[in-house]
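Coordinate analysis (summary)
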Amino acid sequence: MGGRQFAHLGTMELERGGVLPDVRIAYETWGRLNEAGDNVILVEHALTGDSHVVGEAGAGHASPGWWNSLVAAGGPVDPDAWFVIASNVLGGCQGSTGPSSPAPDGRPWGSRFPYVTVRDQVAAERLLLDRLGIARVAAVVGGSMGGMRAIEWAVTHPDDVDRCIVLASTPSATADQIAWCQPQLLAIRQDPAFAGGDYYASDRRPDAGLGLARRIAHITYRTETELDERFGREAQLGEDPLRAGDRGRFAVESYLDHHAGKLARRFDANSYVVLTEAMNSHDVGRDRGGVQRALGRVRADCTVVSVDTDRLYPPRLSDELHAALPVSRREHIVSDFGHDGFLIEEDQVGRIIRAALERRRS
Ligand SMILES: CC(=O)SCCNC(=O)CCNC(=O)[C@H](O)C(C)(C)COP(=O)(O)OP(=O)(O)OC[C@H]1O[C@@H](n2cnc3c(N)ncnc32)[C@H](O)[C@@H]1OP(=O)(O)O
Ligand SMILES: N[C@@H](CCO)C(=O)O
């Protein structure tokens, strides 16, 4: 299976006010819904991910998935047993309604796209599952921004989530995380080509701002030791900054340039802004009497996973989440790669998810 499908979910009223008419959500599925309807696994992507969890030959996708080994026959999530659903988040740019989608007047939303919270994104996913005739999920799993949606699912729909697996995430966005986002948002907004968010009719795109945002973010996704061991003070081939003057680059600079360009080619700057602000909005305790009380109502069997070297979502945040959840298991990924370890360490992630799925609710 796999292959992108679309659901039209009608009008959504948003948490902070504002209305989105004719919300469309792009999604992919693997496996089959069983008769009891109790084998659904909802996979939640991170900031620049999408519904394409797994790449499949012949499914019309040139790109691999972002958790490619997760869903596979005999793998951690076997599509013979489970019905896996992954959607592109509300506000995104991979098929779901976002700032580049047409507004009712036919022009792209651009600067008019409303503020969207993680709760709005989960509300859209709930509508999607309703549309697919699915009342409950056997597991919701996600990392980073996907982990925010996973934990929101467990808090918002405590009776409908059997298991919740949260990787490299947090019960609420911290001051440090919001702080790292601020220069990223400014980099995009201060790019003259951004034009306040209304650049779609122009032949210029805010690639410079988006690229700068990605560079800042990417450094926080990795570790000081990894970068040093991998690149050290090496010059990019033929571009020694100590010899080539203005045009010289260290290898690590070239690496960041590469990631900046790659993201700018596949991602919309307005979506980056909208999703970053959604992450900043994340606080499971908002209007629920605080984080402890909100998490106290979770009924799912939870697995809380951190990456030992994650400097952006440090393990202490997973400790807090774990401590406040009524039923929770704490797992650790050991990685040289920092935050991105939840994407890169597929073997460890796979083992943890397999074990969580095999565990029966007590
Ligand atoms: C079409 C698509 O891209 S679909 C993607 C869907 N979305 C996602 O996957 C989001 C989540 N993914 C990510 O954030 C990242 O891609 C990650 C975390 C998976 C990347 O992790 P890693 O595998 O460790 O990649 P790493 O950071 O080492 O980067 C490798 C790239 O850097 C390039 N690179 C390495 N050194 C240098 C250098 N000195 N100069 C320039 N480029 C360099 C490599 O050639 C490689 O390029 P490629 O990705 O185009 O093949
Ligand atoms: N590298 C990941 C990390 C975000 O948490 C992404 O781009 O989605």
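Cut-offs used in this document
- Residues numbered from 1 in each chain as written.
- Chains lettered and ligands numbered in written order.
- Predicted model: local features only at pLDDT ≥ 70, side-chain atom pairs only at ≥ 80, totals over all residues.
- Heavy atoms only, no water.
- Patch = residues over 30% accessible without salt bridge, like charges linked within 9 Å, V, L, I, M, F, W, Y side chains within 5 Å.
- Areas by Shrake-Rupley, 256 points an atom, 1.4 Å probe, with all protein chains shown as cover.
- Salt bridge = Lys/Arg side-chain N within 4 Å of Asp/Glu carboxyl O.
- Lys, Arg positive; Asp, Glu negative; His and termini not counted.
- Charge placed at Lys NZ, Arg CZ, Asp CG, Glu CD.
- Helix = DSSP H or I, 4+ residues; strand = E, 2+ residues; numbered from the N terminus.
- Domains from an automatic or database assignment.
- Contact = heavy atoms within 4.5 Å.
- Buried area = accessible area lost by both parts, 1.4 Å probe.
- Polar contact = N/O pair within 3.5 Å; in protein donor to acceptor, adjacent residues only side chain to side chain.
- Nonpolar A, V, L, I, M, F, W, Y, C, P; charged D, E, K, R; others polar.
- Axes fitted to C-alpha atoms, helices over the stretch in contact; angles between N-to-C directions.
- Parallel < 35°, antiparallel > 145°, perpendicular 65-115°, else oblique.

This part covers a negative patch on the surface. Side chains of Glu224, Asp228, Glu229, Asp308 and Asp336 sit close together on the surface and give a patch of like negative charge. Assignment of secondary structure puts Asp336 in the loop between strand E10 (328–333) and helix H10 (341–344).

Glancing now at the domain arrangement of the chain. Taken domain by domain, the chain comprises domain 1 (5–173 + 283–358) and domain 2 (177–276). Taken over C-alpha atoms, the centre of domain 1 sits 26 Å from the centre of domain 2. Listed per partner, the contact involves 32 residues of domain 1 and 26 residues of domain 2. Between domain 1 and domain 2, roughly 2300 Å² of surface is buried when both sides are summed, and carbon and sulfur atoms account for 58% of that area. Looking at the side of domain 1 facing domain 2, the largest losses of area belong to Leu47, Thr48 and Arg311, adding up to 28% of the total buried there. Linking domain 1 with domain 2 are one salt bridge. With a shortest N-O distance of 3.1 Å, Arg222 and Asp340 are connected by a salt bridge. At the junction of domain 1 and domain 2, the tally comes to 13 residue pairs in polar contact (both at pLDDT 80 or more). Looking at the side of domain 1 that touches domain 2, its residues break down into 16 nonpolar, 13 polar and three charged.

Relative to each other, helix H5 (residues 224–231) and helix H6 (residues 251–266) sit at 115°, their axes nearing to 9 Å. As the angle between them shows, H5 and H6 are arranged roughly perpendicular. Contacts from Leu227, Arg230 and Phe231 in H5 reach Ala251, Val252 and Tyr255 in H6. Among the residues forming the contact of H5 with H6, the class breakdown is five nonpolar, no polar and one charged.

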